[in-house]
Amino acid sequence: MTPKRKQKLMLIGLMVGGLSLAIGLTLYALSSNINLFYAPTQIVAGEAPEGAEIRAGGMVVEGSVERDTQSMKVRFAVTDYNQEIWINYEKILPDLFREGQGVVAVGRLNDQGELMASQVLARHDENYMPPEVAEALKLAGEMPEAAPFIRNTSNK
Amino acid sequence: MEVLYLPEFGQFALILALAMACVQAFLPLIGSFTRQPLWLAYAQPAAWAQFTLLAISFVLLSLSFLFDDFSLAYTAANSNSALPWFYKLSAVWGAHEGSLLLWLLILAGWTFAVSLSRGLPAEVLARVLSVLGFVSVGMLLFVVFTSNPFDRILPRIPVDGADLNPLLQDPGLIFHPPLLYMGYVGFAVTFAFALAALWSGQLDSAWARWSRPWTTSAWAFLTVGIALGSWWAYYELGWGGWWFWDPVENASLMPWLTGTALMHSLAITEKRGVFKSWTLLLAIFTFSLSLVGFFLVRSGVLNSVHAFANDPERGFFLLILLAVTVGASLLVYALRVPNLKARVSYSLLSKDVLLLANNLILVISSIMVLLGTLYPLILDALGSGKISVGPPYFNALFVPLMLLLGVFMGLGPLTDWKQMQWQKLKKKIWLAGVITLVLGFAVLPWVYDGEWHLYVALGLTLVLWIFTTSFRDLWEASRTKKGWLGISRSRLGMFFGHLGAALIVLGVTMVSNYGEERDLRMQIDQPVEVKGYQFTLKKLIHREGPNYIADRAIVEVHNPKGRLINTLTPEKRLYTVRGMPMTQVAIEWGFLKDIYVAMGEELTADAWAMRVHYKPFVRWLWLGALIAALGGVLAITDRRYSSKKAQEQLTAINKGGV
């Protein structure tokens, strides 16, 4: 092998090695940093792990929002029109959080099966429903007709 | 009323533009195979015609917005007669259809600019324009068939429009999409140059040289566009974050990363004639990633904080477009590249190899972002559940990669092309290294709050490393007869580019480690404390704006010494047309810190949930991006892109392969 070839081979080897190392690390980081989505029915059935970070969501039950006026605590129920779960939160709810609309919350389940949320997401657009929520509702056979996927018009 | 006929002319112009794009794409292609110069010559006038027609179409759509023509479905959905004129105009690109038209107009604009460039052989120009024509044809088909902004709602014309999304009623959003698109679409030019070079088989350094200013301009636009988006998200969304690893942000970051790699790799290819095939591949990838981003954002497949139209038909069309573009260009690449042979050697310690390392890191970062963005989609398609990939994933991979990149960013400029003795390099960098380690790692991290944090130390070390090595490089460049004035624009460009990157790292380090974010309850006249600053809610006011009603809080801010520094007035607005609430944050800004107050919810008549942020050095992020972009501008204006002498040098390089 000529020295030039050797050098080229070394470079290619480095590149391939670096790339595969990077992809391996990436997949590893992915596997430990993903949050699975669970619908209320799944959580009530005990399918969601207790203590691990998960995402949960559904429609906010009308009239369920309980706000403590002396602290930041707030709790509300979400439903897939089959089962309900309670979500506890201690931060400011997003602007577009409203009763009767879809939300997704990130957090951990406590031993009473309530979600202690670290983040609550409602979307920029009032007509938008998170796809997970839409699917969970569809599975529960309770897709409200007008709500999801009406033309969205927001842009970044 | 005459105005009512405008949209039909717009549509007509759009269809004619499609016809012109076809001429621009196909005639030169046929001409180059049948060797008929006349057919090649069609490209330029066709490009001009296409640009004119798209401009007409765009102006007519804008007029429909200005004159409140709500017979157009698009206008009715995104505008309102109560909007001020500048938001009526920016509402043109406020949603899907119009932003596509803007995309096309910008593509035609870039094409027009390319067609005017001097010194480009006619045949090369025709090929480049032809490739750009193909891109335009694909996108125009998409607009005409799935996303026509000129669709009418007849006969029942709404009395008034549904209003522009209040989040977009902001000066930042007037400029953000056009700048971002200038960047995305600008990479189409580099892509076209690369494909034209592959097509002709003339893969000398000339194409790299022609591509460089275009790539750098696109990169500079994209940099400013992303920074503007980040700044907008910071003050407009009311969360106080500047980067969320949101899929839409990732979509703009991926082409930026590979674009940055491309800029550097073009430099090697132009100067040294090596890594040609790699550079070509990067050019293809960068534009492909722009399209991928476009697909992700526009097809609605992703669950993003940005809500977009979810239309399977559009998604499918875009996917086909994407597959054809990527597939065809990679096919051309695969057919042509084996003929490439570099006759140049380099040793392992050389600028060539260091730049290659920089390229690898950037490309790996980009792949990592792509994986994180697509992973939920792939799992979902496989039926393994709905997941989301959060910021911890991206941070865990991105931060170390950028640290590594920073090390090379310091070494690269001080290293010679082709080969360098380690002794010589050591002589150049030892001082910078010592200063960096002593000040950056050991001393400075203590300054801010008297404690040493590893992440701060790493960040500051990196910042100082880039600073010191960049200054050393500049100092070396100044050691000519002309002194500091003799430094070339492109050298200065590199200096500012790297300086900007260092400032961004500085901003990120400080704000991530010393920033404080608190959601707390504020009652009238009961002060609360965040980071030593006292916040007192003095009054709550109800007020009415032109198209919204608002609750306003008057918050006094006292600094740790007890002096009143500002009275902030955040608002919670309700935009009445859409019934959409909005948080209007109040920021006391400064170079060293931002104090950020936003209203959450009403708790009782005299108490609100409020969000208070303390953000040290956050402005440096955007300042850094602007300085980096300025570096790009300096590099483009370098005289060697226009001077005759440089042209001759280039020919010499091509003949001798250095």
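Quick caveat, the model's predicted, so the values are computed rather than measured.

1. Section: the overall build of chain A
Now for step 1: The helix and strand tally for chain A stands at three helices and seven strands.
Now for step 2: The helix and strand sequence of chain A, counted from the amino end, reads α-β-α-β-β-β-β-β-β-α.
Now for step 3: Out of the 156 residues in chain A, the part that is buried amounts to 45%.
Now for step 4: In the structure as shown, chain A presents an accessible area of about 7,800 Å², 55% of it carried by carbon and sulfur atoms.

2. A closer look at the pairing of strand E10 (residues 593-604) of chain B
Strand residues, when the strand is regular, have side chains that alternate between the two faces of the sheet.
All names here are of chain B.
Now for step 1: With 10 of its 12 residues buried, E10 lies for the most part within the structure.
Now for step 2: In this sheet, E10 lies alongside strand E9 (residues 586-588) in antiparallel orientation, the contact comprising three bridges. The residue bridging Ile 587 from the neighbouring strand is Tyr 596, located in E10.
Now for step 3: Taking the residues between adjacent antiparallel strands as the criterion, E9 and E10 are bridged by four residues.

3. So, the nonpolar core
Now for step 1: Counting 182 residues, the largest nonpolar core has A:Phe76, A:Val120, B:Leu54, B:Trp103, B:Met139 and B:Val369 as the members making the most contacts within it.
Now for step 2: Broken down by element, this core gets its largest block of residues, 18 residues, from helix H8 (residues 171-200) of chain B.
Now for step 3: Those residues in contact with A:Val120 that sit more than four places away from it in its chain are A:Phe76, A:Tyr89, A:Leu93, A:Pro94, A:Phe97, A:Val103, A:Val104 and A:Ala105.
Now for step 4: Residues B:Met409, B:Leu460, B:Ile466 and B:Leu503 belong to the second largest nonpolar core, which totals 20 residues.

4. Observations regarding the domain arrangement of chain B
Residue and element names in this part refer to chain B.
Now for step 1: Domain parsing of chain B yields domain 1 (1-163), domain 2 (165-334 + 341-419), domain 3 (420-514 + 622-628) and domain 4 (517-616).
Now for step 2: With centres defined by C-alpha atoms, the gap from domain 3 to domain 4 works out at 37 Å.
Now for step 3: Carbon and sulfur atoms make up 57% of the area that domain 3 and domain 4 hide from each other, which totals about 440 Å².
Now for step 4: Of all residues in domain 3, the largest losses of buried area upon contact with domain 4 belong to Tyr 448, Val 511 and Tyr 514, amounting jointly to 76% of the total for that side.
Now for step 5: Here domain 3 and domain 4 share zero salt bridges between them.
Now for step 6: The tally of links between domain 3 and domain 4 comes to two residue pairs in polar contact (both at pLDDT 80 or more).

5. Overview of the sheet that holds E9(B)
All names here are of chain B.
Now for step 1: Read from one edge of the open sheet, four strands run E2-E11-E10-E9, paired in antiparallel fashion. Each edge of the open sheet carries a strand with a single partner, namely strand E2 (516-523) and E9. For this sheet, the mean angle separating the axes of adjacent strands, direction not counted, is 25°.
Now for step 2: Each of E2 and strand E11 (607-616) touches helix H17 (residues 489-514); the most contacted strand, E11, lies at about 140° to it.

6. What about unusual backbone geometry?
All names here are of chain B.
Now for step 1: Residue Asp 68 is not a glycine yet carries a positive backbone phi of 55°.
Now for step 2: By the secondary structure assignment, Asp 68 is in the loop between helix H3 (43-66) and helix H4 (73-78).
Now for step 3: A positive phi is found at Phe 275, a non-glycine position, where the angle reads about 55°.
Now for step 4: Within the fold, Phe 275 resides in the loop between helix H10 (247-272) and helix H11 (276-299).

7. Some words on the environment of B:Ala357
Residue and element names in this part refer to chain B.
Now for step 1: Within the element layout of this structure, Ala 357 appears in helix H13 (residues 351-381).
Now for step 2: Judged by its relative accessible area of 18%, Ala 357 is buried.
Now for step 3: For the pair Ala 357 and Phe 408, spaced 51 residues apart in sequence, the C-alpha separation works out to 7.7 Å.

8. With respect to a nonpolar patch on the surface
All names here are of chain B.
Now for step 1: Together, Trp 430, Leu 431, Val 434, Ile 435, Val 438, Leu 439, Val 443, Leu 444 and Val 447 make up a nonpolar patch on the protein surface, roughly 770 Å² of accessible area in all.
Now for step 2: Its location among the elements puts Leu 444 in helix H15 (residues 422-447).
Now for step 3: Note on Leu 444: relative accessible area 32%, which makes it partly exposed.

9. Re the pairing of strand E8 (residues 580-584) of chain B
Residue and element names in this part refer to chain B.
Now for step 1: Of all five residues that make up E8, four are buried, and the element is covered over most of its length.
Now for step 2: Judged from the five bridges that link them, strand E7 (residues 571-575) and E8 form a sheet pairing that is antiparallel. Within E8, the residue paired with Lys 572 across the bridge is Thr 583.

10. Notes on the side chain of B:Ser252
Now for step 1: The residue B:Ser252 is located in helix H10 in this model.
Now for step 2: The residues touching B:Ser252, leaving out its near neighbours within four places in the chain, are B:Leu180, B:Tyr184, B:Leu222, B:Ile226 and B:Trp243.

11. Some points on the packing of H10(B) against H13(B)
All names here are of chain B.
Now for step 1: It is at 9 Å that the axes of H10 and H13 come closest, and there the two elements cross at 160°. The angle between the axes of H10 and H13 places the two elements in the roughly antiparallel class. Helix-helix and strand crossings are classified by hand; for H10 and H13 the assignment is left-handed. Of H13, the residues touching H10 (which contributes Pro 247, Asn 250, Leu 253, Met 254, Leu 257, Thr 258, Thr 260, Ala 261, His 264, Ser 265, Ile 268 and Arg 272) are Asp 352, Leu 355, Leu 356, Asn 358, Asn 359, Leu 362, Val 363, Ser 365, Ser 366, Val 369, Leu 370 and Thr 373.
Now for step 2: By residue class, the composition of the contact of H10 with H13 is 12 nonpolar, 10 polar and two charged.

12. Details of the pattern of salt bridges
All names here are of chain B.
Now for step 1: Scanning all chains against the criterion turns up 24 salt bridges over all chains.
Now for step 2: A salt bridge links Arg 212 to Glu 270; its shortest N-O distance comes to 2.5 Å. With Arg 212 in helix H9 (residues 206-236) and Glu 270 in helix H10, this pair connects stretches of sequence that are 58 residues apart.
Now for step 3: Note that Lys 615 and Glu 517 form a salt bridge whose closest N and O atoms lie 2.9 Å from each other.

Rules and cut-offs
Residues numbered from 1 in each chain as written. Chains lettered and ligands numbered in written order. Predicted model: local features only at pLDDT ≥ 70, side-chain atom pairs only at ≥ 80, totals over all residues. Heavy atoms only, no water. Helix = DSSP H or I, 4+ residues; strand = E, 2+ residues; numbered from the N terminus. Buried < 20%, exposed > 50% of the residue type's maximum accessible area, 1.4 Å probe, protein only. Areas by Shrake-Rupley, 256 points an atom, 1.4 Å probe, with all protein chains shown as cover. Pairing = 2+ DSSP bridges. Core = buried A, V, L, I, M, F, W, Y, C linked by side-chain atoms within 4.5 Å. Contact = heavy atoms within 4.5 Å. Domains from an automatic or database assignment. Buried area = accessible area lost by both parts, 1.4 Å probe. Salt bridge = Lys/Arg side-chain N within 4 Å of Asp/Glu carboxyl O. Polar contact = N/O pair within 3.5 Å; in protein donor to acceptor, adjacent residues only side chain to side chain. Axes fitted to C-alpha atoms, helices over the stretch in contact; angles between N-to-C directions. Patch = residues over 30% accessible without salt bridge, like charges linked within 9 Å, V, L, I, M, F, W, Y side chains within 5 Å. Parallel < 35°, antiparallel > 145°, perpendicular 65-115°, else oblique. Left-handed = near helix turned anticlockwise from the far one by under 90°. Nonpolar A, V, L, I, M, F, W, Y, C, P; charged D, E, K, R; others polar.

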